[in-house]
Amino acid sequence: GMLIQSKNYLATHGMNPANISLYGQEMNLSTWAICKMNMFLHGIYNADIRKGDTIRDPKHTEKGELMTFDRVIANPPFSLSKWGKNTADNDPFGRFPYGTPPESAGDLGFVQHMIASLNAEGVLGVVMAHGVLFRGSSEKNIRHGILKDDLLEAVISLPAGLFYGTGIPACVLVINKNKLNLRRNKVLFINAEFEYEEGKNQNKLRYQDIEKIVATFDNYEE
């Protein structure tokens, strides 16, 4: 759905969808296969979707450095244990300047991989469990580093029950390497957890809910 929308968006804004280059990496074999099929179904034949472990073996590299991108969008596994802390502690790509999270929760390891994969104008949107906002020790230090470097633009709290397999509420972190002057040294918090359509097995963000979140973010409003 997202790809179709982005194609329409580009077309209406006078840009050619064929000029998008898409790259991705996924360790789970069936998720990787679904992604490949999704690309074909949307007529995107040049997407470079690799299989592998993003922390232990990032596939999108050039001359020993990580490739960097304009936009990064991801939904990494929530609070993954055994995520690769040993590798991260001796990372040849220098992806973890703020330290590594504990072995029991890799969330902020994935976030730092994504930050390292952004170019100087890059923006990142990532779905995270709420725990990343308040857990202590090394995760607190990582948050401190991200805030000190003024990378976090917004935190959007989402309704519970939106995702398959988990009822826990999630949030979207928006990280921007090139914030507008008006947004520097500030973080916008948007609480969208009460605006959704209830479903039998899963709650759903309606079009108007998404529009409201986007308008609030774009206008930088309470």
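In this text, all values refer to a predicted model and were calculated from it rather than measured experimentally. (Residues numbered from 1 in each chain as written. Predicted model: local features only at pLDDT ≥ 70, side-chain atom pairs only at ≥ 80, totals over all residues. Heavy atoms only, no water.)

K.L.:
Hey, could you go over the overall build of the chain for me, with residue numbers and the actual values?
P.N.:
Each helix and strand counted, the chain has six helices and nine strands in total. The proportion of buried residues among the 222 residues of the chain is 39%. In the chain, 68% of the contacts between residues at least 6 apart in sequence involve partners at least 24 apart. Side-chain charges in the chain split into 24 positive and 25 negative, and the spacing between the mean points of these groups amounts to 3 Å. (Helix = DSSP H or I, 4+ residues; strand = E, 2+ residues; numbered from the N terminus. Buried < 20%, exposed > 50% of the residue type's maximum accessible area, 1.4 Å probe, protein only. Contact = heavy atoms within 4.5 Å. Lys, Arg positive; Asp, Glu negative; His and termini not counted. Charge placed at Lys NZ, Arg CZ, Asp CG, Glu CD.)

K.L.:
Which residues make up the nonpolar core, and what are the values?
P.N.:
Core analysis: the biggest nonpolar cluster contains 26 residues, and Val111, Leu124, Ile146 and Ile175 have the highest contact counts within it. For this core, the secondary-structure elements that each account for two or more residues are β5 (69-74), α4 (107-116), β6 (118-129), α5 (137-148), β7 (152-157) and β8 (170-176). Not counting chain neighbours up to four residues away, the residues in contact with Ile175 comprise Val111, Ile115, Leu118, Gly122, Val123, Leu124, Leu151, Leu152 and Glu153. In terms of nonpolar packing, the next biggest core, distinct from the first, is built from 14 residues, Val127, Ala170, Val174 and Ala192 among them. (Core = buried A, V, L, I, M, F, W, Y, C linked by side-chain atoms within 4.5 Å.)

K.L.:
Could you give me a rundown of the pattern of salt bridges, with the residues and numbers involved?
P.N.:
Here the structure, examined in full by the defined rule, presents 11 salt bridges. A salt bridge links Glu139 to Arg135; the shortest N-O distance between them is 2.8 Å. Assessed through its relative accessible area of 23%, Arg135 is described here as partly exposed. The network of salt bridges with common partners includes Asp107, Arg135 and Glu139. (Salt bridge = Lys/Arg side-chain N within 4 Å of Asp/Glu carboxyl O.)

K.L.:
With reference to specific residues and values, describe a nonpolar patch on the surface.
P.N.:
There is a patch of nonpolar side chains on the surface, built from Ile34, Met37 and Leu41 and spanning about 360 Å² of accessible area. With respect to the helices and strands, Ile34 occurs in helix α2 (residues 29-41). (Patch = residues over 30% accessible without salt bridge, like charges linked within 9 Å, V, L, I, M, F, W, Y side chains within 5 Å. Areas by Shrake-Rupley, 256 points an atom, 1.4 Å probe, with all protein chains shown as cover.)

K.L.:
For α4, give the residues involved together with the corresponding values.
P.N.:
Burial runs high along α4: nine of the 10 residues are buried. When we look at burial in α4, the residues that qualify are Asp107, Leu108, Gly109, Phe110, Val111, Gln112, His113, Met114 and Ile115.

K.L.:
Quick rundown of the packing of aromatic side chains? Include the residues and the values.
P.N.:
Applying the stated criterion to the full structure yields three aromatic pairs. Relative to Phe163, the ring of Phe78 lies with its centre 6.3 Å away and its plane at 85°, an arrangement referred to as edge-to-face. Separated by 85 residues along the polypeptide, Phe78 in the loop between β5 and α3 (85-89) and Phe163 in the loop between β7 and β8 bring together distant segments of the chain. Overall, the relative accessible area of 23% leaves Phe163 in the partly exposed class. If you follow Arg183 out to its NZ or CZ, it ends over the ring of Phe217, 5.0 Å from the centre. (Phe/Tyr/Trp six-rings, centres within 6.5 Å; stacked < 30°, edge-to-face > 60°. Lys NZ or Arg CZ within 6 Å of the ring centre and 35° of its normal.)

K.L.:
Which residues make up the sheet that holds β8, and what values go with them?
P.N.:
Here five strands make up an open sheet; going across it, the order is β5-β6-β8-β7-β9 and the pairing mixed. Edge strands, defined here as strands with exactly one partner in the open sheet, are β5 and β9 (188-191). Pairwise comparison of adjacent strand axes, ignoring direction, gives a mean angle of 10° for this sheet. The sheet contact formed by β6 and β8 spans seven bridges and is antiparallel. Within the sheet, the bridge partner assigned to Val127 lies in β8 and is Val172. Set on the sheet, helix α6 (residues 207-219) makes contact with β7, β8 and β9; between it and β9 the angle comes to about 160°. (Pairing = 2+ DSSP bridges. Axes fitted to C-alpha atoms, helices over the stretch in contact; angles between N-to-C directions.)

K.L.:
Describe the side chain of Gln25, listing the residues and the values that go with them.
P.N.:
Tracing the chain through its elements places Gln25 in strand β1 (residues 23-26). Among the polar contacts listed, one links the side chain of Gln25 to the backbone oxygen of Gly52, at a separation of 3.2 Å. A polar contact is formed between the side chain of Gln25 and the backbone oxygen of Asp53, at a distance of 3.4 Å. Beyond its immediate sequence surroundings of up to four residues, Gln25 is in contact with Arg50, Gly52, Asp53, Thr54, Asp57, Pro58, Lys59 and His60. (Polar contact = N/O pair within 3.5 Å; in protein donor to acceptor, adjacent residues only side chain to side chain.)

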